[in-house]
Structures are given as structure tokens and as C-alpha cells.
Amino acid sequence: SQTIHQWPATLVQPVGSPLSLECTVEGTSNPNLYWYRQAAGRGLQLLFYSVGIGQISSEVPQNLSASRPQDRQFILSSKKLLLSDSGFYLCAWTEQETQYFGPGTRLLVL
Amino acid sequence: ELKVEQNPLFLSMQEGKNYTIYCNYSTTSDRLYWYRQDPGKSLESLFVLLSNGAVKQEGRLMASLDTKARLSTLHITAAVHDLSATYFCAVHGSSNTGKLIFGQGTTLQVKP
């Protein structure tokens, strides 16, 4: 069966520091992968999606970037975090007709 | 631009009562999703609705889709406390990429 891992689970970072969040999917090949962000008490906003290795599409202009160095690995990065980057970051993949979400990373920028 | 709107955004109800959450979307889409989110947790898939008139049921929850009206409903029957959570609907923003556009979420509080 397919599983999705995200780490770290929680992160507290100072403003201006770099960021790297990792998402790994097991049990599937060539999945479509997605990064979403959920601000406190809000809905989900799509940040990036990828249909294959090295293929990244950005939905929202911001100081974040994404990379897909391997088929089942999706990384979200920033060179300098802003206060507004705080939130719950969710990685997702699509299997057949359903989109499944990972456990998420809760990021607090101080 | 595809927009998804849910109402109500907050719902407090007594156990045993019935209620419906509505999800409207602005342009045509080939599928609609319902998710549940418990506080501090990720999203759990509840239903995927693929065609006009589709109806799916799981326990006390039933979801339906009317693509002509661009409307989906999530009906709660005889609510119990365990159903307290935030419910999101989401629509396919693009069938090629699978990206989803989410509603704002409906927070359901079921009181004993």
C-alpha cells in the first residue's frame, strides 16, 4: 500500500532563516505530488505541484521554492523565511481518483 | 478563476439532529472531494464524486453532486459527537494536473 512521509513534524524557525521540508511517497511510482499550505483557521492553498522528476509548477508567487530530485521525493525550500510563512504544510499525492495527504509539518516562524 | 464556497462556515448542533453543508463552485469540474480534518491533524478523504447525480454514503454522512447547479451537499444524519471536525470540499482545478481548489471549510461542533 502507498504511504506518505513528511518531516519534520514540527519546526520553529527565526525570521530570515532557511527552510527545507521533505515529503517521500512509498509504494507508488511517478505520482503527481503537491505542496499545500494551511494558515491557522483557514482552508488549503496549493503552492506547488509536480507531474514528474524535475517538473515543478508554482501556483503562488512567494519566497518558497520546490524541487523533485527523485520520483518519490518532493522538497519545499526557502532561503529566508518570513513571518507569513507560518502554517501547516501538507504534501499530497494522487492515486486513481483520490488525492491523499501526508501527516503535515507545522511551521512557526518567529 | 475557479472558486469554491462552503456554507455555513461554522455549525453547532445537538446530537441526534440532521443538517446539511453546502459547497458551491464557480466553473465546471469533473470531480468533487470531501475531506475531514480533526484539530491539529491532516486531511482524511471522505468521498470522491465523479459524475452528475452521484451519491455516496458512509455511516451518518452522505454526499451528493449536482454538476449542473455546481453544487455538492454533505448531509449529516443523527449527528454524534465523534463527527465534530472541520469538513472541506475541494474541486479539481485541472484534470491534467489534479490540483485541487478548496473551500474555506465548515467547522462542525456536535454537542451532547
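Everything here concerns the structure above.
Residues numbered from 1 in each chain as written. Chains lettered and ligands numbered in written order. Predicted model: local features only at pLDDT ≥ 70, side-chain atom pairs only at ≥ 80, totals over all residues. Heavy atoms only, no water.

A. Structural view of the overall build of chain A. The helix and strand tally for chain A stands at 0 helices and 11 strands. The order of α-helices and β-strands along chain A, N terminus first, is β-β-β-β-β-β-β-β-β-β-β. Counting across all 110 residues of chain A, residues that qualify as buried make up 46%. Sequence separation of at least 24 residues holds for 53% of the intrachain contacts in chain A that already meet a minimum separation of 6. Total accessible area on chain A stands at roughly 5,300 Å², and carbon and sulfur atoms take up 52% of it. When the 7 positive and 7 negative side-chain charges of chain A are each reduced to one mean point, those points stand 12 Å apart. (Helix = DSSP H or I, 4+ residues; strand = E, 2+ residues; numbered from the N terminus. Buried < 20%, exposed > 50% of the residue type's maximum accessible area, 1.4 Å probe, protein only. Contact = heavy atoms within 4.5 Å. Areas by Shrake-Rupley, 256 points an atom, 1.4 Å probe, with all protein chains shown as cover. Lys, Arg positive; Asp, Glu negative; His and termini not counted. Charge placed at Lys NZ, Arg CZ, Asp CG, Glu CD.)

B. Fine view of the environment of phenylalanine 88 of chain B. Residues and elements named next belong to chain B. Relative to the helices and strands, phenylalanine 88 resides in strand S9 (residues 85–92). Assessed through its relative accessible area of 1%, phenylalanine 88 is described here as buried. Along the primary structure phenylalanine 88 and tyrosine 35 are separated by 53 residues, whereas in three dimensions their C-alpha atoms are 5.1 Å apart.

C. Highlighting the interface of chain B and chain A. Contact with chain B, which involves 20 residues of that partner, is made by 20 residues of chain A. Both faces combined, the contact of chain B with chain A buries some 1,500 Å², and carbon together with sulfur accounts for 55% of it. Taken together, chain B and chain A are joined by 1 salt bridge. Residue lysine 99 of chain B pairs with glutamate 59 of chain A through a salt bridge whose shortest N-O separation is 3.0 Å. Only strand S4 (32–37), strand S5 (43–49) and strand S10 (100–102) of chain B provide two or more residues apiece to the side of chain B that touches chain A. Looking at the side of chain B that touches chain A, its residues break down into 8 nonpolar, 9 polar and 3 charged. (Buried area = accessible area lost by both parts, 1.4 Å probe. Salt bridge = Lys/Arg side-chain N within 4 Å of Asp/Glu carboxyl O. Nonpolar A, V, L, I, M, F, W, Y, C, P; charged D, E, K, R; others polar.)

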